[in-house]
Amino acid sequence: MAEIQFDDVTKRYADGFEAVKHLNLQVPDGDLMILVGPSGCGKSTALRMVAGLEDISEGQLKIGGQVVNERAPKDRDIAMVFQNYALYPHMTVRDNMGFALKLAKVPDAEINQKVNEAAKILDLEQHLERKPANLSGGQRQRVAMGRAIVRSPSVFLMDEPLSNLDAKLRVQMRTEISRIQQRMNTTTIYVTHDQTEAMTLGDRIAVMRAGILQQVGPPSELYGHPNNLFVAGFIGSPSMNFLPGEIEGDSVKLPIGNVRIPDELRRRLEGGPGGARGGVIAGLRPEHFEDAGLVADRASRGVTFTARIDVLESMGSEFYAYFMVESEQVSSRELEELAADTGGTDLQSTRGGTQMTARLAAESRVRQGQDLELWFDANHLQLFDPDSGRSLLAQAGAGTSTPTPTAGGLQGPS
Amino acid sequence: MSAVEGTGGAIRPAARGGDRSGAWNEHTKRLTGWSGALFVISVCSLIPVLWIVFLSLKTPASATDGSFIPHHWTLSNYSAIFSLGTFTAALRNSIGIGLISTALAVLLASSAAYAIARLDFPGKRAILAVSLAVAMFPQISLVGPLYNLWRQVGLYDTWPGLIIPYMTFALPLSIYTLSAFFRDIPWELEQAAQVDGATPFQAFTKVIVPLAAPGIVTTFIIVFIICWNDFVFAISLTSTSAAQTVPAAISSFSGVSQFTVPYGDIAAAAVVVTVPVMILVLIFQRRIVAGLTAGAVKG
Ligand SMILES: Nc1ncnc2c1ncn2[C@@H]1O[C@H](COP(=O)(O)OP(=O)(O)OP(=O)(O)O)[C@@H](O)[C@H]1O
Ligand SMILES: [Mg+2]
């Protein structure tokens, strides 16, 4: 039983910098919690507090119901994969992986057996007798993983454990981690920058920004009902498009046309914090656009408009179409920060227009440089308060059932 | 393995691999340049050594005959100096005083360097600067006062009388080299070890000490050689076999008469004190040079 609980935890570094602010987060026993956020938002700091490598300035940290603020790392029964590997350079791969077991005075034969087993899973068998200095980055990262999994700790902490692997190995390791975690049923906190890892691996995702927890929930919930602009822009790839809008009566006036608010959305809007009037920022996910020619009953469910496709990227299974919409700039501190972090020009407004991205079905006959009739599914419209950045929509649930996209966000209009 | 990696689709070219064929010419040129330079340096530094070795193998009569290679080979010089009580006593003094001074200096310097590498405290830079300044201080200017002082307090011609100045002058250098070594140790490994279940003490002994060892050994050898070779303090602060070290003892070798210089004995003694140091350096240079910490951290 190793549930992890942050109770109003704050970390203040010696120089006064608050890296984590009043964090309240619970990771149920056996769950895998994904921690995401821009660089420097305090993910590693949070992880290191769980490991006992950083003092907790305020609040309480509980593991398995016990307050562990003052407990030494070795008494927490935790295995950690460090962001920078932290392999022991003077030991062979075998000794690196067996070090923890050796300290725990496990018999040599058992250590050997466990190390061999882990090496097999991680495809490190032929490297067991080598030193870390002679391994590639990806191999080192796998040794770091191996060092964690040979033990059977009550908590796994992984700080971007797959960041240095190539695409194929990453997929392979991702499924392997998922399998190991489920088999061992070990409570895990997993820090990542990778959208796919975040959406597929975790039971729940926690999004952090500048030391503050933004939202926690299952991947589908963060994807479908982001609490604020930051989460909306952070979760999903390619990221959400944002346009300024105005609620007038029962429709939203957007630069791409007037969208009639579906009843479902209206109910959530009325239940939401802001009420149903005034200026808003509208969020439109790329995957909720479609080539209008491919949609049958388009008038009833969305808005149709024409745009010139500036750039078209074919992914084989789908197209990414980039186009400009004439609008004034949406400005929000959260979006600016997001753009700065992702380097995303797609959020940046240029010359009085907003760059938009749409994911279109592979059947579309779209051509680069041509005008195309596009359709947007209004059921998936997100609305945010331009001042606070908060979502104006109440969480779906109370009696209503919003069509929720699958975890991968791959669902197109049906 | 690397044969495959060189081609287009390689994910990560091996660090050492590189583009062999293109770099080859450049590489050869550099190699020849370095070999040439090394050859010149070796010849310049080895000829005097060879000369003294050959001198020590000449009979006393032919010592000054001007030939490089002895006409009459003999080991009598060696048996002569070892039968000399003063020389064996001096050897004992040199080894004892050298080891004790070095051990003390390295021990003290380790703690200082540890603090400099790990902690942030005001005056950190000042300490390094001052220690460097002390290292620059001309020793000869201290000899006079020390001589008088040691006579007064009874440290003249004793082991501590040499150990104290040796240690003092070795400290700045040790602090300097050790703090450079300690700075490069990936200290987060200590934390990795603690998460792996080590006590702070275990983390230190099983992870940090092995990583710090090359630095400490290197510093130890450098300091020991400095103490071993010192002449200024040894000649001024000692007078008898009680504390006289080898360099001082050699200078007081006397010939058969007042007017003959015992070249053979001096050369033999010089070889005896030089060779161990050379062997020491040759043995440990691999260890010193080996980049033991390479590859610990994502780079
Ligand atoms: N020892 C320290 N003293 C002061 N500030 C620190 C210290 N360590 C980290 N910080 C600051 O705390 C913030 C959070 O750091 P942290 O390492 O947790 O970021 P992160 O979310 O893991 O980022 P990344 O994704 O780049 O790894 C950063 O702004 C960093 O500058
Ligand atoms: Mg980090």
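Residues numbered from 1 in each chain as written. Chains lettered and ligands numbered in written order. Predicted model: local features only at pLDDT ≥ 70, side-chain atom pairs only at ≥ 80, totals over all residues. Heavy atoms only, no water.

Enquirer: An account of the coordination of the magnesium ion (ligand 2) is requested, with residue identities and associated values reported.
Expert: Surrounding the magnesium ion (ligand 2) are the protein donor atoms A:Ser44 (OG) and A:Gln83 (OE1), at 1.9 to 2.3 Å. Residue A:Ser44 is located in helix α1 (residues 43–51), and its partner A:Gln83 is located in the loop between β6 (78–81) and α2 (93–103); the two are separated by 39 residues in the primary sequence. (Donors = N, O, S within 2.8 Å, 3.2 Å for Na, K, Ca; no water. Helix = DSSP H or I, 4+ residues; strand = E, 2+ residues; numbered from the N terminus.)

Enquirer: Can you tell me about the domain arrangement of chain B, naming the residues and giving the values?
Expert: Note on interface size: it is often stated as the accessible area lost on association of the parts. Residues and elements named next belong to chain B. Once the domains are mapped, chain B shows domain 1 (2–56) and domain 2 (77–293). Per-residue buried area on domain 1 facing domain 2 is highest for Ile52, Leu55 and Ser56; these three make up 77% of the total on that side. Our enumeration of links across domain 1 and domain 2 arrives at 0 salt bridges. Along the contact surface separating domain 1 from domain 2 lie 2 residue pairs in polar contact (both at pLDDT 80 or more). Residues that form the side of domain 1 that touches domain 2 fall into these classes: 3 nonpolar, 1 polar and no charged. (Domains from an automatic or database assignment. Buried area = accessible area lost by both parts, 1.4 Å probe. Salt bridge = Lys/Arg side-chain N within 4 Å of Asp/Glu carboxyl O. Polar contact = N/O pair within 3.5 Å; in protein donor to acceptor, adjacent residues only side chain to side chain. Nonpolar A, V, L, I, M, F, W, Y, C, P; charged D, E, K, R; others polar.)

Enquirer: Help me get a handle on the site of ligand 1, residues and values and all.
Expert: Residues and elements named next belong to chain A. Around ligand 1, the structure places 14 residues, and the nearest of them are Ser39, Gly40, Lys43, Ser44 and Thr45. A distance of 3.4 Å separates a nitrogen atom of ligand 1 from a polar atom in the side chain of Tyr13. In the model, an oxygen atom of ligand 1 is placed 2.9 Å from a nitrogen or oxygen of the Gln83 side chain. For ligand 1, whose unbound accessible area comes to 640 Å², protein coverage reaches 66%. With 3 residues, the single largest contributor to the shell around ligand 1 is α1. Split by residue class, the shell around ligand 1 holds 4 nonpolar, 7 polar and 3 charged. (Near = heavy atom within 4 Å. Areas by Shrake-Rupley, 256 points an atom, 1.4 Å probe, with all protein chains shown as cover.)

Enquirer: Please provide a residue-by-residue account of the interface of chain B and chain A, values included.
Expert: Taken together, the contact between chain B and chain A spans 25 residues of the former and 32 residues of the latter. Approximately 2500 Å² of surface area, both sides summed, lies buried where chain B meets chain A, with 60% of it carried by carbon and sulfur atoms. At the junction of chain B and chain A, the tally comes to 2 salt bridges. For B:Asp196, the salt bridge goes to A:Arg151, with nearest N and O atoms at 3.6 Å. Viewed at the interface, chain A and chain B are joined by 8 residue pairs in polar contact (both at pLDDT 80 or more). Of all elements in the fold, only α8 (188–195) and α9 (200–229) of chain B reach the threshold of two or more residues within the side of chain B that touches chain A. Element by element, the count of residues in the side of chain B that touches chain A is highest for α8(B), at 7 residues. Counted by class, the side of chain B that touches chain A contains 13 nonpolar, 7 polar and 5 charged residues. (Contact = heavy atoms within 4.5 Å.)

Enquirer: Tell me what's going on with the nonpolar core, and back it up with residues and numbers.
Expert: All names here are of chain A. By size, the foremost hydrophobic cluster in this structure holds 58 residues, and its most contacted members are Phe6, Val50, Leu157 and Ile189. Beyond its immediate stretch of four places on either side in the chain, Val50 contacts Ile4, Phe6, Leu61, Ile63, Arg76, Ile78, Leu157 and Ile189. Listed in part, the 54 residues of the second largest apolar core include Leu135, Tyr190, Ala232 and Leu335. (Core = buried A, V, L, I, M, F, W, Y, C linked by side-chain atoms within 4.5 Å. Buried < 20%, exposed > 50% of the residue type's maximum accessible area, 1.4 Å probe, protein only.)

Enquirer: So what's going on with the environment of A:Thr187? Which residues, and what values?
Expert: Residues and elements named next belong to chain A. Along the chain, Thr187 turns up in strand β8 (residues 187–191). On the accessibility criterion, Thr187 (0% relative accessible area) is buried. Measuring from C-alpha to C-alpha, the distance between Thr187 and Phe156 comes to 6.3 Å, with 31 residues separating the pair along the chain. Every residue in contact with Thr187, bar those within four places of it in the chain, is listed here: Ala2, Ile4, Val27, Pro28, Asp29, Gly30, Asp31, Ser154, Val155 and Phe156.

Enquirer: Explain the packing of aromatic side chains to me, and be specific about the residues and the numbers.
Expert: All names here are of chain A. According to the stated counting rule, one finds 17 aromatic pairs over all chains in the structure shown. Pairing Phe289 with Phe323 gives two aromatic rings, centres 5.9 Å apart and planes at 80 degrees, and the pair type is edge-to-face. Remark: Phe323 occurs in strand β17 (residues 318–326) and Phe289 occurs in strand β15 (residues 289–291); sequence separation between them is 34 residues. Residue classification places Phe289 among the buried residues on the basis of a relative accessible area of 0%. Cation over ring: Arg147 sits above Tyr88, and NZ or CZ is 4.8 Å from the ring centre. (Phe/Tyr/Trp six-rings, centres within 6.5 Å; stacked < 30°, edge-to-face > 60°. Lys NZ or Arg CZ within 6 Å of the ring centre and 35° of its normal.)

Enquirer: An account of the pattern of salt bridges is needed here, citing residue identities and associated values.
Expert: Residues and elements named next belong to chain A. Across all of its chains, the model carries 19 salt bridges over all chains by this definition. One salt bridge in this structure joins Asp7 and Lys62, with 3.3 Å as the shortest N-O distance. In this pair, Asp7 is assigned in strand β1 (residues 4–12) and Lys62 in strand β4 (residues 58–63), connecting sequence segments 55 residues apart. According to the relative accessible area criterion, Asp7 is partly exposed, its value standing at 23%.

Enquirer: So what's going on with the environment of A:Thr186? Residues and values would help.
Expert: Residue and element names in this part refer to chain A. Positionally, Thr186 belongs in the loop between α5 (167–184) and β8. Thr186 gets classed as buried once you look at its relative accessible area, which sits at 3%. In sequence terms Thr186 and Pro153 are 33 residues apart; their C-alpha atoms lie 7.4 Å from each other. Other than its neighbours up to four places away in sequence, Thr186 contacts Gly30, Asp31, Pro153, Ser154, Val155, Phe156 and Gln181.

Enquirer: Describe the pairing of strand β11 (residues 241–248) of chain A, and please don't skip the residues or the numbers.
Expert: Note on strand geometry: in a regular strand, side chains alternate between the two faces of the sheet. All names here are of chain A. With 6 of 8 residues buried, β11 is to be regarded as a mostly interior element. In the sheet, β11 pairs with strand β14 (residues 278–284) via 7 bridges, with the strands oriented antiparallel. For Phe242, the partnering residue across the bridge sits in β14 and is Gly283. Direction of pairing for β11 relative to strand β12 (residues 251–254): antiparallel, over a ladder of 3 bridges. Bridge pairing links Glu248 to Ser251 in β12. Between β11 and the antiparallel strand that follows it, β12, lie 2 residues; Gly249 among them carries a positive phi value of about 60 degrees. (Pairing = 2+ DSSP bridges.)

Enquirer: Explain the domain arrangement of chain A to me, using residue names and the numbers behind them.
Expert: Residue and element names in this part refer to chain A. The assigned domain composition of chain A is domain 1 (4–221) and domain 2 (232–395). Distance from the C-alpha centre of domain 1 to the C-alpha centre of domain 2: 36 Å. Surface buried jointly by domain 1 and domain 2 totals about 880 Å² across both partners, of which 53% is contributed by carbon and sulfur atoms. Contact with domain 2 buries area across many residues of domain 1, yet Pro38, Gln195 and Arg209 alone supply 57% of it, more than any other trio.

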